[in-house]
Amino acid sequence: MERQTFLVTGARAPVALHMARLLGSAGHRVVLTDTMRRPIGAATRFARYERTPSPCFDPDAYGQAISRIVAREGVDLILPTCEEVFHLARLRDEAGLELPVFAPGFDRLAQVHSKHAFIELCAGLGLDVPETHLLRGLADLDRIRDRAGDMVFKPVWSRFAEHVLIRPDPRGLDAITPSPTRPWVAQDYLPGTELCAYAVAHEGRLSALATYRALARAGTGAAVAFAPVEDAAVTAFVERFVTGTGWSGQVSFDLMRLADGRVLPLECNPRATSGLHVFRDGASFARMLAGQATCDPDVTRPQAVHLALWVYGLAPALAKGRLKDFLRIRQETDELLDWPDDPGAKSAQLVALVEFARLALRRRISLLAATTYDIEWNGPDQSSI
C-alpha cells in the first residue's frame, strides 16, 4: 500500500491517539487536530498536532483551518473520532468544502445520532427494536408517565448517557421538560447484557468489527474499562445495518442482548469508540481503511484507561460496596495507552485532565461534559442539552 496522509480529528480522545499510532506505525503520515492546548494525542511520536478553532462555536474558522491543513499536507482521508464528525460532514455537504471525510452524508449522520430516528431506521430495515416514544412536550410525557417504571428516558441529542433516567418514579419525570427543540425519548427498559460494537464499512460492506462489554464506566455512559467478546447476533445486526444503509465510515452501537439470544439496538454513535483499541496491526488496519481488505481484532485481553478508571470508577465502587470488584478490574485489565516506543501518553493524560477540569470549573459543568463541550453536536438547534 502506498504511503498515505491521514488527518485524525478529536486528538483529546484515546481512540484518536490509537488511530494515529496504528497508521503512523505502519509508515503513513498522520496529522492530529483538536481545539485543546495539549490533548493526549499531541504526545505521540507518530503524528504532528495542530490546534484548531472550535467547530461548535466558530464553524467557519474551523472549516478554514481544516481546509488549509488538507491542502497543505495533501490529506488523503479525514478520520473523525468524536462528534466533530457532524461539523465536518456539514462543512463538506452544505458549505461545499473539499474535505475527504470518511463518513456518510450529514443527513444520515444526523438521523442515526437521533435516539428516536435511529430506532425508526432500524425498524425500517427489519431489525428488532425496543418500543421507543418521541417526547416533544409535556403532553407526550404525561401520556407515558404511568409506564415510567418500565422505561428509560434520555435526551434525543446527548452522549455518555448524560441525563438518563432509568425506570424512574413517575414523579421524577417532573425534572425534565421535553420540547420540539430539545426532545426526549422514552424507551422500553430491556433486561439483559449490554454490549457495544465498533465497525468500519465501505459502501454497505462490513470491513472491520469489534464487539466488547463494559467493565466500568464514566457514570452510566462511556466505558473506561472493557473486555472484547464475540457474539454472532451482534455481527448479524451490524451486517444488516451497514448493508441496509450502504454505510461508509465508522459506526458504533450500544446494544442489549436479551435472555432469548436476540440483540436489540439502544443507540448509535457514528464515530470511533473503545472497540478501536482491540486493533493493533496498523498495516492491516490501513489496508482496510483503503477498502483493500478486511481486518479482524487482534487483542483479546480486557483493556482500560487506568487513570480514567480511578477518576470515574472508584467513588461509585465505594458507594455501592464494590471495592473488591473495582480492584479486580484494575488488576485484570491492560493499560490501553501503552504502546511500544511511544511512552508520552501516560503523562500527557494528566495535563489534559487538568485542562478539562479548569474548563469544567469555569463553565460550571461536570468533568465529563467538559470533555465534549466545544466539539459536540446537539441537533439542528445546536443548543446545549
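Quantities reported herein were computed from a predicted structural model and do not represent experimental measurements.

Chemist: Residues and numbers for a positive patch on the surface, please.
Modeler: A cluster of basic residues, Arg37, Arg51, Arg358, Arg362 and Arg363, forms a positive patch at the surface. Here the positive patch gets three residues from one element, more than from any other, and that element is helix α11 (residues 345-363). Mapped onto the secondary structure, Arg358 falls in helix α11.

Chemist: Tell me about the packing of aromatic side chains, residues and numbers included.
Modeler: Describing an aromatic ring pair means giving the distance of the ring centres and the angle of the ring planes. Applying the stated criterion across every chain yields a total of 14 aromatic pairs. An aromatic cluster is built from Phe118, Phe237, Phe241, Trp247 and Phe253, whose rings are joined through pairwise contacts. Directly above the aromatic system of Tyr189 lies the positively charged group of Arg167, at a separation of 4.6 Å from the ring centroid.

Chemist: Which residues make up helix α5 (residues 117-124), and what are the values?
Modeler: For α5, the set of buried residues is Ala117, Phe118, Ile119, Leu121 and Cys122. Where α5 is buried, its residues contact α4 (106-113), β5 (132-135), β8 (184-188), α7 (232-245), β12 (249-257) and β13 (263-269).

Chemist: So, the pattern of salt bridges: which residues are in play, and what are the values?
Modeler: Applying the stated criterion across every chain yields a total of 26 salt bridges. The salt bridge involving Asp93 is made with Arg92; its shortest N-O contact spans 2.6 Å. Taking the relative accessible area as the measure of exposure, Asp93 reaches 38% and is therefore partly exposed. Of the charged contacts, one joins Arg143 and Asp140 as a salt bridge, the two residues approaching to 2.3 Å between their closest N and O atoms. Of this pair, Arg143 and Asp140 both sit in helix α6 (residues 138-144), three residues apart, roughly one helical turn. Its relative accessible area of 19% is what places Asp140 among the buried residues.

Chemist: Outline unusual backbone geometry, listing residues and values.
Modeler: Phi at Glu203 takes a positive value of approximately 50 degrees, unusual for a residue other than glycine. The topology assignment puts Glu203 in the loop between β9 (193-202) and β10 (205-217). Exposure remark for Glu203: the relative accessible area of 72% places this residue in the exposed category. Despite not being glycine, Asp341 has its phi angle at roughly 60 degrees, a positive value. Mapping Asp341 onto the fold places it in the loop between β15 (334-335) and α11.

Analysis parameters
Residues numbered from 1 in each chain as written. Predicted model: local features only at pLDDT ≥ 70, side-chain atom pairs only at ≥ 80, totals over all residues. Heavy atoms only, no water. Patch = residues over 30% accessible without salt bridge, like charges linked within 9 Å, V, L, I, M, F, W, Y side chains within 5 Å. Areas by Shrake-Rupley, 256 points an atom, 1.4 Å probe, with all protein chains shown as cover. Salt bridge = Lys/Arg side-chain N within 4 Å of Asp/Glu carboxyl O. Lys, Arg positive; Asp, Glu negative; His and termini not counted. Charge placed at Lys NZ, Arg CZ, Asp CG, Glu CD. Helix = DSSP H or I, 4+ residues; strand = E, 2+ residues; numbered from the N terminus. Phe/Tyr/Trp six-rings, centres within 6.5 Å; stacked < 30°, edge-to-face > 60°. Lys NZ or Arg CZ within 6 Å of the ring centre and 35° of its normal. Buried < 20%, exposed > 50% of the residue type's maximum accessible area, 1.4 Å probe, protein only. Contact = heavy atoms within 4.5 Å.

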